[in-house]
Amino acid sequence: MASRYPEVYDAWKNDPFGFWRQAAAELDWIKTGDEVFDPKMDQYGRWFPDWECNTCYNCLDRHVERDRPGQPALIYDSPITGKKAVYTYAQLLNRVQAMAAVLQDHGISKGDRVIIYMPMIPEAAMAMLACARLGAIHSVVFGGFAANELATRIDDAQPKAIIAASCGIEPGRVISYKPLIDQAIEQSQHKPDACFVIQREQQKAEMLDGRDHDMGALMDDALSQGRKIPCMPVKATDPLYILYTSGTTGQPKGVVRDNGGHMAALKWTMSNLYGIDPGEVFWAASDVGWVVGHSYIVYAPLLHGCTTVVFEGKPVGTPDAGVFWRVISEHNVVSLFTAPTAFRAIRKEDPEGTFIAKSDLSQFRSLFLAGERADPETVNWAADQLNVPIVDHWWQTETGWCIVGNPLGLGQLPVKPGSPTVPMPGYDVQIVDDGGQPLPADTLGNIVIKLPLPPGCLPTLWNADKRFFDAYLEEFPGYYKTSDAGIMDGDGYLSIMSRTDDIINVAGHRLSTGAMEEVLAQHRDVAECAVIGIADKLKGQLPCGFVVLKAGVNRDHAEIEAELIKLVRERIGPVAAFKIAITVDRLPKTRSGKILRGTMRQIADGESYRLPATIDDPAILDEISDALKTHGISAPSA
Ligand code: COA
Ligand code: AMP
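Residues numbered from 1 in each chain as written. Chains lettered and ligands numbered in written order. Predicted model: local features only at pLDDT ≥ 70, side-chain atom pairs only at ≥ 80, totals over all residues. Heavy atoms only, no water.

S.K.: So what exactly am I meant to see when it comes to the overall build of the chain here?
M.R.: Looking only at helices and strands, the chain has 19 helices and 31 strands in total. Against the 2.2 N^0.38 benchmark of 26 Å for 638 residues, the chain shows a C-alpha radius of gyration of 24 Å, consistent with a compact globule. Each principal axis of the C-alpha atoms in the chain carries an extent, and together these give about 70 × 60 × 55 Å. Taken over 638 residues, the chain has a buried fraction of 59%. Across the chain, contacts joining residues at least 24 apart in sequence account for 70% of those joining residues at least 6 apart. For the chain, the computed accessible surface area is about 24300 Å², with 49% contributed by carbon and sulfur atoms. Each charge sign in the chain was given a centre, from 61 positive and 81 negative side chains, and these centres are 1 Å apart. (Helix = DSSP H or I, 4+ residues; strand = E, 2+ residues; numbered from the N terminus. Rg over C-alpha atoms; globule rule 2.2 N^0.38 Å. Buried < 20%, exposed > 50% of the residue type's maximum accessible area, 1.4 Å probe, protein only. Contact = heavy atoms within 4.5 Å. Areas by Shrake-Rupley, 256 points an atom, 1.4 Å probe, with all protein chains shown as cover. Lys, Arg positive; Asp, Glu negative; His and termini not counted. Charge placed at Lys NZ, Arg CZ, Asp CG, Glu CD.)

Below, the structure written as structure tokens:
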């Protein structure tokens with residue numbers, strides 16, 4: 001059957017406001033307004049300007065009040081601890097109300113910020129929903145970030161409270177969260193009033209008198225008292241959350257998500273893009289610390305009345321490469337959303353798909369991939385093994401949902417390998433040159449999106465309107481700059497080729513090489529440095545740092561390199577996966593002093609490169625090549 005995509009995309013183009021008004025009608029609003037979009041508000045206009053709503057109400061209460069009180073809302077499956085649990089919509093609502101009661105008792109109310117620093121346990125989702133219920137703004141920080149990163153976020157968001165768990169569990173080690181939080185609060189200028197801790201049995205946290213509270217015990221009290229906390233009406237334009245993402249410097253960007261537009265967009269995607277019906281089980285194997293976790297572990301499945309899966313484990317090693325198939329078959333998952341790197345990891349361990357063959361995947365319908373380039377080799381392997389549509393789709397933390405994808409719900413479009421397919425309604429995607437002029441089909445250029453961005457996309461950065469304007473709107477007036485480069489073919493299919501800034505993508509995690517350079521530069525022996533992302537078969541990219549030592553430093557280079565690796569782990573966190581530091585005598589530069597990072601990356605990846613005309617001293621490129629070889633990184637010369 002032909003896809004309805006062309007007709008739906010045209011319907012949006014012809015009447016964008018009518019399109020989103022209709023999408024919004026799928027939700028419950030406290031107040032609707034005449035206007036769907038106010039072009040004069042804030043940076044580029046705002047969606048649903050006078051409307052009022054509550055996101056938690058739409059995720060939970062309305063399903064309980066209507067038709068789904070006994071349906072599982074959240075399945076917790078934790079192969080790393082051996083625990084499983086199921087919460088119906090009614091049970092999840094009770095627990096969210098209990099958590100909201102605890103927060104309210106401690107003075108948290110509308111507009112207050114709350115940082116959530118938690119592993120993949122159900123309480124992480126409950127904490128997000130409890131904040132949404134109170135109109136408080138949550139900011140989830142991924143557990144793999146170090147105290148220093150947490151401190152930066154505390155200072156920027158100025159939270160009244162932190163909700164945490166006592167520990168996270170990684171294969172082979174338990175990570176105590178509380179000392180990291182204590183260290184972060186000590187380091188930050190802003191001091192939260194309270195810290196609520198879910199005490200996990202694997203490691204209990206030491207509590208500080210006055211400031212720290214046992215969230216589990218307080219929730220139990222609230223539950224036994226049957227505390228009911230009404231949903232706070234908020235404006236559709238009020239922030240639901242702030243999610244920090246890597247920028248080009250060590251200061252992360254606080255992406256703001258509103259309540260109303262976010263709900264309208266996500267609800268639309270569940271049926272039209274993902275092809276999921278209410279009542280079905282949808283699993284995003286990501287982490288609540290990332291945007292995929294916000295949108296597709298917590299908000300979208302619940303808005304749509306689905307069952308979501310909170311998975312605490314890894315694609316391999318917990319206990320083996322069959323865990324994804326076990327979860328899919330045991331919980332009747334119809335659709336999985338993950339990063340290609342997870343599939344590369346599974347394929348490496350189980351190239352023949354032995355575990356897949358052993359599993360009953362009869363109800364499994366589709367696999368969605370995002371977060372990094374889906375290499376055709378991995379996509380083809382997944383397609384051969386699974387025999388379901390494999391859908392690559394492209395999006396960013398900033399947009400909160402898919403920009404370019406293949407809408408299964410509207411009818412799958414023909415797949416072109418290497419392309420995530422076509423723009424979703426809401427997005428007018430164009431390819432332009434550096435001067436902002438449109439480029440012909442099949443020409444590589446900057447990917448930009450014509451303003452306004454659709455509902456759900458960031459309206460601004462937290463407390464940083466100017467930074468938002470400078471980073472996204474200034475360079476191409478009237479357009480949002482994605483900082484991705486790509487090609488659009490004659491059929492409107494887009495291919496994403498690379499970032500145009502110094503962001504790299506490591507195991508589906510977005511990281512800033514600029515932030516790593518800032519850390520390396522703090523080492524007492526380092527005179528200058530450059531960090532690049534080099535190709536890696538498993539993780540897509542890996543950071544690789546080159547340092548030039550200060551004159552007169554005579555210490556063992558290997559020792560300094562080990563210190564640098566430790567420093568990045570301490571300051572940014574294990575998630576940076578920074579394991580390659582290389583000491584060199586000089587860095588290749590242009591005559592005006594710009595470090596030739598692009599050429600260094602080409603050398604490291606064994607790509608052919610053209611000698612930059614402005615290079616100061618071409619001999620340095622051979623030195624880089626030799627240094628890479630010494631460190632076991634193959635670097636054929638050009
Ligand atoms: N808390 C603390 N540490 C964490 C962490 C967390 N929540 N998540 C990851 N880490 C640590 C890891 O233990 C690892 O530490 P190590 O250097 O001591 O081994 C380090 O951070 C790097 O983690 P990662 O890059 O995830 O590598 P990995 O070897 O643990 O796992 C994969 C590799 C491919 C299995 C894993 O990256 C994966 O499942 N990726 C899916 C990507 C994803 O979900 N992306 C989200 C967007 S869809
Ligand atoms: P994040 O904000 O962490 O979601 O990372 C967004 C960036 O990841 C994008 O700007 C792209 O560079 C990259 N990315 C995400 N999805 C894809 C995809 N499907 N194909 C290629 N790159 C992707």
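S.K.: I keep staring at the packing of helix α6 (residues 147-157) against helix α7 (residues 178-187) and nothing clicks. Help me out?
M.R.: For any two helices packed against each other, one specifies the inter-axial angle together with the distance between the axes. Interaxial distance between α6 and α7 falls to 8 Å at its minimum, and their mutual angle equals 50 degrees. When the interaxial angle is binned, α6 and α7 end up oblique. Judged by the sense of rotation from one axis to the other, the crossing of α6 with α7 is right-handed. Contacts from A147, N148, L150, A151 and I154 in α6 reach L180, I181, Q183, A184, I185 and Q187 in α7. Here the residues of the contact of α6 with α7 sort into eight nonpolar, three polar and no charged. (Axes fitted to C-alpha atoms, helices over the stretch in contact; angles between N-to-C directions. Parallel < 35°, antiparallel > 145°, perpendicular 65-115°, else oblique. Left-handed = near helix turned anticlockwise from the far one by under 90°. Nonpolar A, V, L, I, M, F, W, Y, C, P; charged D, E, K, R; others polar.)

S.K.: When you look at the side chain of H393 in this model, what are you seeing that I'm missing?
M.R.: Within the element layout of this structure, H393 appears in the loop between β20 (390-392) and β21 (404-405). Residue H393 is classed as buried on the basis of its relative accessible area, which comes to 1%. Ignoring sequence-local partners within four residues, the contact set of H393 consists of L273, Y274, F337, F368, L369, A370, C402, V404, G405 and P420.

S.K.: In this structure, what is going on with helix α3 (residues 55-65)? I would like to understand it.
M.R.: Extensive coverage of α3 is indicated by the burial of eight of its eleven residues. Among the structural elements, β3 (52-53), α4 (89-105), α5 (122-134), β14 (239-245), α9 (260-272) and α10 (291-303) are those in contact with the buried residues of α3. Its side-chain oxygen 2.9 Å from the backbone nitrogen of C56, N54 forms the N-cap of α3. (Polar contact = N/O pair within 3.5 Å; in protein donor to acceptor, adjacent residues only side chain to side chain.)

S.K.: How should the domain arrangement of the chain be read in this particular structure?
M.R.: Where interface size is given, it is often the accessible area lost as the parts come together that is meant. Taken domain by domain, the chain consists of domain 1 (5-313 + 393-426) and domain 2 (508-630). Facing the 16 residues of domain 1 at the interface are 14 residues of domain 2. Both sides of the domain 1 and domain 2 interface together cover about 1200 Å² of buried area, and 48% of this is carbon and sulfur. The tally of links between domain 1 and domain 2 comes to one salt bridge. (Domains from an automatic or database assignment. Buried area = accessible area lost by both parts, 1.4 Å probe. Salt bridge = Lys/Arg side-chain N within 4 Å of Asp/Glu carboxyl O.)

S.K.: What exactly am I supposed to notice about empty space enclosed by the protein here?
M.R.: The gaps of empty space that remain are located by a probe, the size of a water molecule, rolled over the atoms. The final tally for this structure, using the stated rule, is one cavity of 30 Å³ or more. In this structure, the largest cavity spans a volume of roughly 50 Å³. Around the largest cavity, the lining residues are Y44, G45, R46, W47, D258, G261, P454, P455, G456, C457 and P459. Grouping the amino acids of the lining of the largest cavity by side-chain chemistry returns six nonpolar, three polar and two charged. (1 Å grid on protein atoms, 1.4 Å probe; cavity = no way out; pocket = protein on both sides within 12 Å on 5 of 7 lines; lining within 4 Å. Points joined across faces, edges and corners; volume = space filled by probe spheres on them.)

S.K.: Which parts of the structure should I look at to understand the sheet that holds β20?
M.R.: The strands making up a sheet associate through hydrogen bonds between their backbones, and the pairing can be parallel or antiparallel. Spatial strand order, β5-β4-β17-β16-β18-β19-β20: seven strands in an open sheet with mixed pairing. Pairing within the sheet leaves two strands with one partner each, and these edge strands are β5 (83-88) and β20. For this sheet, the mean inter-axis angle between neighbouring strands, taken without regard to orientation, is 20 degrees. On top of the sheet, α10 reaches β4 (72-78), β16 (281-284), β17 (307-311) and β18 (333-338); it is set at about 150 degrees to β17, its chief contact. (Pairing = 2+ DSSP bridges.)

S.K.: Would you mind showing me how to read the site of ligand 2 here?
M.R.: Around ligand 2 sit 14 residues, and of these D392, T397, D484, R499 and R510 come closest. Contact between ligand 2 and G371: a nitrogen atom at 3.1 Å from a main-chain N or O atom of the residue. A distance of 2.8 Å is found between a nitrogen atom of ligand 2 and a side-chain nitrogen or oxygen belonging to D392. Burial of ligand 2 by the protein amounts to 92% of the accessible area it has alone, namely 490 Å². For the shell around ligand 2, the residue count by class is three nonpolar, five polar and six charged. (Near = heavy atom within 4 Å.)

S.K.: For this particular structure, what's the right way to read the sheet that holds strand β23 (residues 429-432)?
M.R.: The strand order across the open sheet built from four strands is β23-β24-β25-β26, with neighbouring strands paired in antiparallel fashion. The open sheet terminates on both sides in strands that have one partner only, identified here as β23 and β26 (494-499). Sheet twist, expressed as the mean angle between neighbouring strand axes with direction ignored, is 50 degrees.

S.K.: What am I meant to see in the layout of surface pockets here?
M.R.: A volume near 350 Å³ is recorded for the second largest pocket. Contributing to the lining of the second largest pocket are 18 residues, with F19, Q22, A23, W268 and N272 lying nearest its centre. Residue contributions to the lining of the second largest pocket peak at five residues, all from α9.

S.K.: What is the right way to look at the site of ligand 1 in this model?
M.R.: Taken together, 22 residues sit near ligand 1, with E170, P315, K539, R569 and K579 positioned nearest. Between ligand 1 and the protein, one listed contact pairs an oxygen atom with a side-chain N or O atom of R569 at 2.9 Å. Side-chain polar atom of K579 to an oxygen atom of ligand 1: 2.6 Å apart, as the coordinates give it. For ligand 1, the accessible surface in isolation is 940 Å², of which the surrounding protein chains cover 84%. Its residues assigned to classes, the shell around ligand 1 comprises ten nonpolar, six polar and six charged. Counting contributing residues, the shell around ligand 1 receives three or more from each of domain 1 (5-313 + 393-426) and domain 2 (508-630).

S.K.: Looking at this model, I keep getting lost on the pattern of salt bridges. Mind explaining?
M.R.: Close approach of charged atoms allows side chains of opposite charge to pair. Applying the stated criterion to the full structure yields 40 salt bridges. For R227, the salt bridge identified is with D105, shortest N-O distance 2.8 Å. Note that R227 is positioned in the loop between α8 (215-224) and β13 (234-235) and D105 in helix α4, a separation of 122 residues in sequence. According to the relative accessible area criterion, R227 is partly exposed, its value standing at 24%. Between K566 and E570 there is a salt bridge, with its nearest N and O atoms 3.3 Å apart.

S.K.: I keep staring at the pairing of strand β9 (residues 167-170) and nothing clicks. Help me out?
M.R.: If a strand is regular, its side chains alternate between the two faces of the sheet. Bridge count for β9 against strand β10 (residues 173-176) is four bridges, and the pairing is antiparallel. For I169, the partnering residue across the bridge sits in β10 and is V174. Connecting β9 to the next strand, β10, in antiparallel fashion are two residues, including G172 with a positive phi near 80 degrees.

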